[in-house]
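Next come the chains, spelled out residue by residue.
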Amino acid sequence: MKAARFHGKRDVRIEDVPKPDRARLGPRDVLVKNRFCGICGTDLHEYAAGPIFIPTAPHPYTGAQLPQTLGHEYGGTVVAIGAEVTNVKPGDRVSIQPLISPRDDHYGKRSLYQLSDKLGIVGLMWPWGGMAEYSVVNDYNVFAMPDNVTDEQAALIEPTAVVVYAAERGGVRPGSSVLVTGAGPIGQLQILAARAAGATTIFLSDTNDNRLAMARAVLPDVITLNPRSDNVVEAIRDQTEGHVGVDVALECVGAEAATATCIEAVRRQGVVVQVGLHVGKPAVDGFTLTFKDIDLRGSWCYSTLMWPRVAALIGSGLLPAEKVVTRRIKLDDVVAEGFEQLLSPAGTELKILIDLA
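These lines cover the structure that appears in this document, whether it is placed above or below. Starting afresh in each chain, residues are numbered from 1 along the sequence in its written order. Local features are withheld for residues below a pLDDT of 70 in this predicted model, meaning they are given only at 70 or higher, and side-chain atom pairs are given and counted only at 80 or more; totals for whole chains, interfaces and linings count all residues. Side-chain metrics rest on all non-hydrogen atoms present in the structure, leaving aside hydrogens and water.

1. Considerations on the overall build of the protein chain
Part 1 of the argument: Helix and strand labels come from DSSP, where a helix needs a run of H or I of at least four residues and a strand needs a run of E of at least two; each type is numbered from the N terminus. Regarding its fold elements, the protein chain presents 10 helices and 18 strands.
Part 2 of the argument: The globule rule is 2.2 Å times the number of residues to the power 0.38, and the radius of gyration it is compared with is taken over C-alpha atoms. Against the 2.2 N^0.38 benchmark of 21 Å for 357 residues, the protein chain shows a C-alpha radius of gyration of 20 Å, consistent with a compact globule.
Part 3 of the argument: Its C-alpha atoms put the protein chain at 65 × 45 × 40 Å along the principal axes.
Part 4 of the argument: Relative accessibility thresholds used throughout: buried, under 20% of the residue-type maximum; exposed, over 50%; partly exposed, between the two (1.4 Å probe, protein chains only). Here the protein chain, with 357 residues, has 55% of them falling under the buried criterion.
Part 5 of the argument: Relative to all contacts within the protein chain whose residues are 6 or more apart in sequence, the contacts with residues 24 or more apart total 70%.
Part 6 of the argument: Of the roughly 15,000 Å² of accessible surface on the protein chain, a fraction of 51% belongs to carbon and sulfur atoms. Contact criterion: two residues are considered in contact whenever any of their non-hydrogen atoms come within 4.5 Å of each other. Under the convention used here, a 1.4 Å probe and the Shrake-Rupley method define accessible areas, while residue burial counts only the protein chains that appear.

2. Regarding a nonpolar patch on the surface
Part 1 of the argument: On the surface, I52, F53, L112, L115, L277 and W300 cluster together into a nonpolar patch covering about 500 Å² of accessible area.
Part 2 of the argument: With respect to the helices, strands and loops of the structure, F53 is situated in the loop between α1 (41-49) and β4 (68-69).
Part 3 of the argument: What makes F53 partly exposed here is its relative accessible area of 32%. Two distance rules govern patches: like charges are joined within 9 Å, and nonpolar side chains (Val, Leu, Ile, Met, Phe, Trp, Tyr) within 5 Å, applied only to residues with over 30% relative accessible area and no salt bridge. In the sections that follow, a salt bridge refers to a side-chain nitrogen of Lys or Arg positioned within 4 Å of a carboxyl oxygen of Asp or Glu.

3. Digging into the sheet that holds strand β2 (residues 11-16)
Part 1 of the argument: With antiparallel pairing, the three strands of this open sheet are ordered in space as β2-β1-β4. Either end of the sheet is taken by a strand with one partner, and the two such strands are β2 and β4.
Part 2 of the argument: Direction of pairing for strand β1 (residues 2-8) relative to β2: antiparallel, over a ladder of six bridges. Within β2, the residue paired with A3 across the bridge is E15. Any two strands are treated as partners once DSSP identifies two or more bridges connecting them.

4. Some words on the packing of aromatic side chains
What describes a pair of aromatic rings is the distance from one ring centre to the other and the angle between the planes of the rings.
Part 1 of the argument: Two rings from Phe, Tyr or Trp (for Trp, the six-membered ring) form a pair when their centres are within 6.5 Å of each other. A pair whose planes differ by under 30 degrees is stacked, one over 60 is edge-to-face, and the rest are tilted. In this structure the tally under the stated criterion is four aromatic pairs.
Part 2 of the argument: Ring plane angle 15° and centroid distance 5.5 Å describe the contact between F287 and F291, whose orientation is recorded as stacked. Taken together, the positions of F287 and F291, both in helix α8 (residues 286-291) and four residues apart, correspond to about one turn of that helix.
Part 3 of the argument: Taking relative accessible area as the criterion, F287 reaches 61% and is therefore assigned exposed.
Part 4 of the argument: Between Y302 and W307, the aromatic rings sit 5.1 Å apart at their centres with planes inclined by 65°, giving edge-to-face as the arrangement.
Part 5 of the argument: Linked through ring pairs, F143, Y302 and W307 together constitute an aromatic cluster.
Part 6 of the argument: Any Lys NZ or Arg CZ that is within 6 Å of a ring centre and within 35 degrees of that ring's normal is treated as a charge sitting over the ring. It is K33 that lies over the ring of Y134; its NZ or CZ is 5.7 Å from the centre.
Part 7 of the argument: When the ring centre of Y140 is taken as reference, the NZ or CZ atom of R103 above it lies at 3.6 Å.

5. Some points on the sheet that holds strand β11 (residues 177-181)
Part 1 of the argument: With parallel pairing, the six strands of this open sheet are ordered in space as β13-β12-β11-β14-β15-β16. Unpaired on one side and paired on the other, β13 (223-225) and β16 (295-298) mark the two borders of the sheet. Averaged over all adjacent pairs, the angle separating strand axes in this sheet is 20°, with direction ignored.
Part 2 of the argument: Under this scheme, a helix contributes an axis fitted over its contacting stretch, all axes are lines through C-alpha atoms, and angles between N-to-C directions fall in the 0 to 180 degree range. Helix α3 (residues 157-170) contacts β14 (246-251), β15 (266-274) and β16 of the sheet and is inclined by roughly 150° relative to β15.
Part 3 of the argument: On top of the sheet, helix α7 (residues 256-265) reaches β11, β14 and β15; it is set at about 150° to β15, its chief contact.

6. With respect to the side chain of E73
Part 1 of the argument: As for its position among the elements, E73 is in strand β5 (residues 73-81).
Part 2 of the argument: What qualifies as a polar contact is a pair of N or O atoms within 3.5 Å, subject to a donor-acceptor requirement within protein and to the restriction that residues adjacent in sequence count only when both atoms come from side chains. In terms of polar contacts, E73 uses its side chain to reach the side chain of K351, at 2.8 Å.
Part 3 of the argument: What E73 contacts, discounting residues up to four positions off in sequence, is F36, C37, G38, I39, C40, A155, E158, P159 and K351.

This is how it looks when you write it as structure tokens:
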């Protein structure tokens, strides 16, 4: 079968690899025929500057190492199951929850699987990934999809779970005012998640006017701001009750300047949620953080138990994640039409899906 495998920085190859053997499935294994797979910002960072998360020596829990089949935002159809699998059956359309960790360590016993020290991720630290024709995952990695969730939407549940969890970490509720920094795929999903949680006034800040225009198509009443031409903090204060700033700010870039903007733009006793991953160690304005009595919170991945709820949000239309998809490509074109397009400074693409049919 074909697979997109990461060998090193800017070295992703479409290779022929052995197809999984259903006769050798473990008792809790599930064999999936992959359908759609999204290119994540994490995949993009690996391609441009990796290996970062991808292990160069065998992963201590999963055993994965280079070369790595990429892809952790995906869904497909169950082909075969191990003898002890009870949650899905062959023929089920599924979405993949890609986090892999012990069920019995400190965090596993508390259902906080994403926090495990031994965490592995399908498509990054697992022998299989979504950018291939087939994959093998654990039974706890698959969730059957209801009829109102399409195959494309099934591949969008993973990034959508990230932003739903971040909105929950920030305490977004009906009537909230929210700032999102960064109009990339996660930022644009984040404004949809904020609206689904009940936010009424939503601001989005980014330096790319193309992406701000896309955001207005995704959510027509979002208030877009470009820090190169707008005083973001003053514009937000002018449009929030009492000139105090937003209730919640969600930083979806991983940039020091964006974090600083969130701290300035949030009201006193507001909440700043760091969603984007910082590459370095940014400076944080501790004085303002204290003086304004702000909560600064991290948001790592999601609860792995969220899949049915996020699927319901998408399937019902309350969170139309499919609006962020700007291109569909074939696996053979993943480098030229996928990674390289997403790295373009023009920023004309958001979410690219690989069609594996």
